[in-house]
Amino acid sequence: MDFLGEILTFGIDSVIFAICLKQYIYYRNAVKAIQNVELYDGPDLDNVVNNNINNKIHHVAVRGLVKPLGEPLQSINKKHVLGVIQKLSIKEHVIARTSAGFWSDQTRTMQKIFNVIPFVLKKDSFSVEVIDPLSADILDLDVISDHYEPIVPTVLDHVWGFLTGVRQRGVQTTEKMLRVDSIITIIGELSKSETKSDMLTLQSPLNGSPFYITSMSLPTLIRKLDDHRKIYRVICIICGTIGLLIGGTVMRRYWKDKEQKRIAEELRRTLEISRRQRRQRVRDTDLRTDQICVICNTNAREIILLPCGHVCICEDCSDSINNNCPICRTPIMQKAAAYII
């Protein structure tokens, strides 16, 4: 194809643009949603919920202390640290050979485990139970330990890594927790508990609004999300501009090639008409019957048809005779000029 490179580039640019546009819309809507939420941290939270339709607030921010409902989780690496959410991950650091032949650092997640116990946000006289915290779009956890153990390869490991294209560098073990008594802000849907009449619950909004569990304040969270929105906006503008340039270049080349073909076709037709006129002027008009074209019965026989060898048509009529010889119906393989003396 004439435009294969441009089409591939345009396709890749369109995919990147679509992904970045989706992220830009997500962060833009998230910023708008958080700017409109109200922060509740007072004792009248229960009355606020009761005064709303269906005893539910679809999007609200609640700030308080993390308190476990039952026995808290204990850190594996630091026994004195207690929490309600624990994330354990093991990552393998390798040097892998890319398809281009270069070696690059890569990280692979070998194992990731979450441990969660029920917990509430508590402040003064109110308690709010958090439902399904792992579904949060943002879940801020404190790093309890981060241990990296390098691997010293042997000669055999070097040879095997060269053959397979993967060389191990080390293993990283990380533990993160949402600590007990830490102050966090949760943005989600607030409603009355279905099982406990005196308990409020916070969960992911059913209307698709973002669900955040963060240690940041609302202004800080808004600035962070807005920074992401600006980054994706710039990328969308760049990708969109590149796409327009590529599309404009392809269209320009297409119309230019089409115009050149049109001019060439007009020139060919003009030359053909001129050639026929010249040929008509030099043709002999005093012809015997066996020298006249069997198609038009006017011009001289000028073309030999192969492989049958019949000379039976003029050059003008040869343009419309492409399948079979008009004399013997033999398939025409080739046509050539014939000179009869």
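This structure is a prediction, so every number in the text was calculated from the model and none was measured.

Caption draft 1: How the structure looks around the UniProt feature "domain: RING-type" (unreviewed entry) in the chain. The positions that UniProt labels "domain: RING-type" (unreviewed entry) are, in the present scheme, residues 293-329. Across residues 293-329, helical content stands at 11% and strand content at 22%; the span's end C-alpha atoms are separated by 16 Å.

Caption draft 2: Fine view of the pairing of strand 4 (residues 82-97). The pairing of strand 3 (residues 73-74) with strand 4 spans two bridges and is classified as antiparallel. Looking at strand 4, one finds that Gln74 is bridged to Leu82. Pairing analysis gives 13 bridges linking strand 4 to strand 10 (residues 166-179), with the strands arranged antiparallel. From the neighbouring strand, Ile85 faces strand 10, where its bridge partner is Leu178. The pairing of strand 4 with strand 5 (residues 103-116) spans 13 bridges and is classified as antiparallel. Residue pairing in the sheet places Val94 in a bridge with Gln106 of strand 5. Connecting strand 4 to the antiparallel partner strand 5 that follows it, the hairpin turn spans five residues, and Gly101 within it adopts a positive phi of roughly 95°.

Caption draft 3: Examining a nonpolar patch on the surface more closely. A contiguous nonpolar patch, built from Trp103, Val155, Val159, Trp160, Phe162 and Leu163 and spanning about 680 Å² of accessible area, is present on the exposed surface. The biggest single contributor to the nonpolar patch is helix 3 (residues 155-164), with five residues. Assignment of secondary structure puts Trp160 in helix 3. When its relative accessible area of 58% is taken as the criterion, Trp160 is described as exposed.

Caption draft 4: Main features of the environment of Val84. Inspection of the secondary structure assignment puts Val84 in strand 4. Sequence separation of Val84 and Thr289 is 205 residues, and the distance between their C-alpha atoms is 109 Å. For Val84, the residues in contact, after removing those within four places along its chain, are Val66, Pro68, Leu73, Asn115, Val116, Ile117, Phe119, Leu178 and Val180.

Caption draft 5: Quick peek at the side chain of Ser145. If you trace the backbone, Ser145 turns up in strand 9 (residues 142-150). Taking relative accessible area as the criterion, Ser145 reaches 16% and is therefore assigned buried. Here the side chain of Ser145 touches Asn77 through a polar contact of 2.8 Å, side chain to side chain. In this view, Ser145 contacts Asn77, Thr173, Thr174 and Glu175; residues no more than four positions away in its chain are not counted.

Caption draft 6: Layout of the sheet that holds strand 15 (residues 310-313). Taken in spatial order, the three strands line up as 15-14-16 in an open sheet, and their pairing is antiparallel. Among the strands making up the open sheet, the edge pair consists of strand 15 and strand 16 (334-337). Averaged over all pairs of adjacent strands, the angle between their axes in this sheet comes to 40°, without regard to strand direction. Across three bridges, strand 14 (residues 303-306) lies against strand 15 in antiparallel orientation. From the neighbouring strand, Ile304 faces strand 15, where its bridge partner is Val311.

Caption draft 7: Main features of unusual backbone geometry. Cis geometry marks the peptide bond from Leu306 to Pro307, where omega comes out at 15°. By secondary structure assignment, the location of Pro307 is in the loop between strand 14 and strand 15. In this model, Asn297 sits at a positive phi of 55°, which is unusual for a non-glycine residue. Positive phi, close to 65°, is recorded for Arg329, a residue that is not glycine. Among the structural elements, Arg329 can be located in the loop between helix 5 (315-318) and strand 16.

Caption draft 8: Local environment of the domain arrangement of the chain. The domains assigned to the chain are domain 1 (1-36 + 217-285), domain 2 (53-216) and domain 3 (288-340). With 10 residues of domain 1 in contact, the opposing surface of domain 2 contributes 12 residues. Summed over both sides, the interface between domain 1 and domain 2 buries roughly 830 Å², with carbon and sulfur atoms accounting for 75% of that surface. The interface formed by domain 1 and domain 2 contains one residue pair in polar contact (both at pLDDT 80 or more).

Cut-offs used in this document
- Residues numbered from 1 in each chain as written.
- Predicted model: local features only at pLDDT ≥ 70, side-chain atom pairs only at ≥ 80, totals over all residues.
- Heavy atoms only, no water.
- UniProt positions renumbered as here; feature names shortened; annotations may be inferred.
- Helix = DSSP H or I, 4+ residues; strand = E, 2+ residues; numbered from the N terminus.
- Pairing = 2+ DSSP bridges.
- Patch = residues over 30% accessible without salt bridge, like charges linked within 9 Å, V, L, I, M, F, W, Y side chains within 5 Å.
- Areas by Shrake-Rupley, 256 points an atom, 1.4 Å probe, with all protein chains shown as cover.
- Salt bridge = Lys/Arg side-chain N within 4 Å of Asp/Glu carboxyl O.
- Buried < 20%, exposed > 50% of the residue type's maximum accessible area, 1.4 Å probe, protein only.
- Contact = heavy atoms within 4.5 Å.
- Polar contact = N/O pair within 3.5 Å; in protein donor to acceptor, adjacent residues only side chain to side chain.
- Axes fitted to C-alpha atoms, helices over the stretch in contact; angles between N-to-C directions.
- Domains from an automatic or database assignment.
- Buried area = accessible area lost by both parts, 1.4 Å probe.

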